[in-house]
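# An overview of the molecular structure
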Amino acid sequence: MARPATEWVNVTGNISIIARESGEVWFHKNSGTDEAVDPFAAPMMGAGAPGSTVRLLDGAIHLGFAEIEKHRAQREPTLAAYIVALAGAYHTSVHTPRNLRRAASRFSELGRPEVAAYLEDRAREETGHDRLALKDLHALGVPAERLVGNFIPEGIKPLCRRFDELCVQDYPIDCIGYSYCLERIAALKQKSDIDKVRALCPDGIDATRFLRSHSCLGSEVTHVEETIAFVASLPANDRIRVVQETYKSALIMAQGYNGELLKPDAEILEELELALGEALPYRRDRHPAHDENHGIRNAASALA
Ligand SMILES: [Fe+2]
Ligand SMILES: [Fe+2]
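Summarising the element assignment, Thr96 is placed in helix α4 (residues 96-109). The class of Thr96 is buried, set by a relative accessible area of 9%. Apart from residues no more than four positions distant in its own chain, Thr96 is found in contact with Glu126 and Phe163.

Spelled out as structure tokens, the structure:
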């Protein structure tokens, strides 16, 4: 019988994530000694398995968000912050199909049709998601095209830049790590998160199309499962890069999230109204009951 897979990836200068197919995962502080003493000092070379690969990927997100979890500010969700999140959702979605197709065509050139096919599928599945965010903004009475044309949330800019850069690399495998990070965090959103947003919206208004689709209720769950299976099937060098990029993307996302959390609502409103050139069409005093949520799932409400 084959031994269960053990996979490991060094994600920071001195921390590696180690995961076993049986479910164990731990963070290993590199000892600085040679491979004879530390079996995880050399890069992994073996085959992957979904059970261990998913723990590497999620471990990378956990590490990336570790700092924000320590300093996380408590902040009431507001409609203004949700409008910012929708603008962010638009910007992180609008170029995704184009970017993924660029990466796919590069993998075709490189003689990796299986990676190209996976990326083409993803590009197809992500097509039109920017429109969901625009529809939600319209539903809230916000001139959506004007808003997204004039405004990219600060925390979203480095993410968009990162994805653009990753997809035009000579060997653009890292873009899978970026996508996994965003999709995995989205898929952790629960029905209760959607209900909280519904409570913010004016009565009878449905402005949760993007959120529903990018939550545990939507297609994001399947996207995440497919990506885990695909990454597990990749050679070790590719898996290492995907996990390392998942960590870097999580760091960027966590920083952006922190920035949004620390911003007072009045400042958010001012930014939005400056971009729109007019006041937002809703009352400012609506907010839902406070609800404690912990874990990386919190990032989802600020950065869709
Ligand atoms: Fe999407
Ligand atoms: Fe997706």
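Back to the write-up after that little detour.
Glancing now at the packing of helix α8 (residues 157-167) against helix α13 (residues 236-262). For the pair α8 and α13, the least separation of the axes is 9 Å and the interaxial angle reads 155°. As the angle between them shows, α8 and α13 are arranged roughly antiparallel. Considering how the two elements wind past one another, α8 and α13 form a crossing that is right-handed. Only Glu245, Lys248, Ser249, Ile252 and Met253 of α13 make contact with α8, whose side of the interface consists of Pro158, Leu159, Arg162 and Leu166.

Here we come to the sheet that holds strand β1 (residues 6-10). Strand pairing within a sheet occurs via backbone hydrogen bonds; the two strands may be parallel or antiparallel. Within the open sheet, the three strands sit side by side as β1-β2-β3. Their pairing is antiparallel. A single partner strand is all that each edge strand has here, and the edge strands are β1 and β3 (25-29). Strand-to-strand twist of the sheet, defined as the mean angle between neighbouring strand axes without regard to direction, takes the value 20°. The sheet contact formed by strand β2 (residues 15-20) and β3 spans five bridges and is antiparallel. Each bridged residue has a counterpart across the sheet, and for Ser16 the counterpart in β3 is His28. Each of β1, β2 and β3 touches helix α1 (residues 50-64); the most contacted strand, β2, lies at about 150° to it.

A few words on the coordination of the iron ion (ligand 1). Under perfect tetrahedral coordination by four donors, a metal shows angles of 109.5 degrees; under perfect octahedral coordination by six donors, it shows angles of 90 or 180 degrees. Ligation of the iron ion (ligand 1) by protein atoms is provided by Glu126 (OE), His129 (ND1) and His214 (NE2), these donors lying 2.1 to 2.2 Å from the ion. Separating the iron ion (ligand 1) and the iron ion (ligand 2) is a distance of 3.6 Å, and Glu126 donates to both of them. Of the residues examined, Glu126 reaches a relative accessible area of 9% and is grouped as buried. A relative accessible area of 8% means that His129 is categorised as buried.

About the criteria used
Residues numbered from 1 in each chain as written. Chains lettered and ligands numbered in written order. Predicted model: local features only at pLDDT ≥ 70, side-chain atom pairs only at ≥ 80, totals over all residues. Heavy atoms only, no water. Helix = DSSP H or I, 4+ residues; strand = E, 2+ residues; numbered from the N terminus. Buried < 20%, exposed > 50% of the residue type's maximum accessible area, 1.4 Å probe, protein only. Contact = heavy atoms within 4.5 Å. Axes fitted to C-alpha atoms, helices over the stretch in contact; angles between N-to-C directions. Parallel < 35°, antiparallel > 145°, perpendicular 65-115°, else oblique. Left-handed = near helix turned anticlockwise from the far one by under 90°. Pairing = 2+ DSSP bridges. Donors = N, O, S within 2.8 Å, 3.2 Å for Na, K, Ca; no water.

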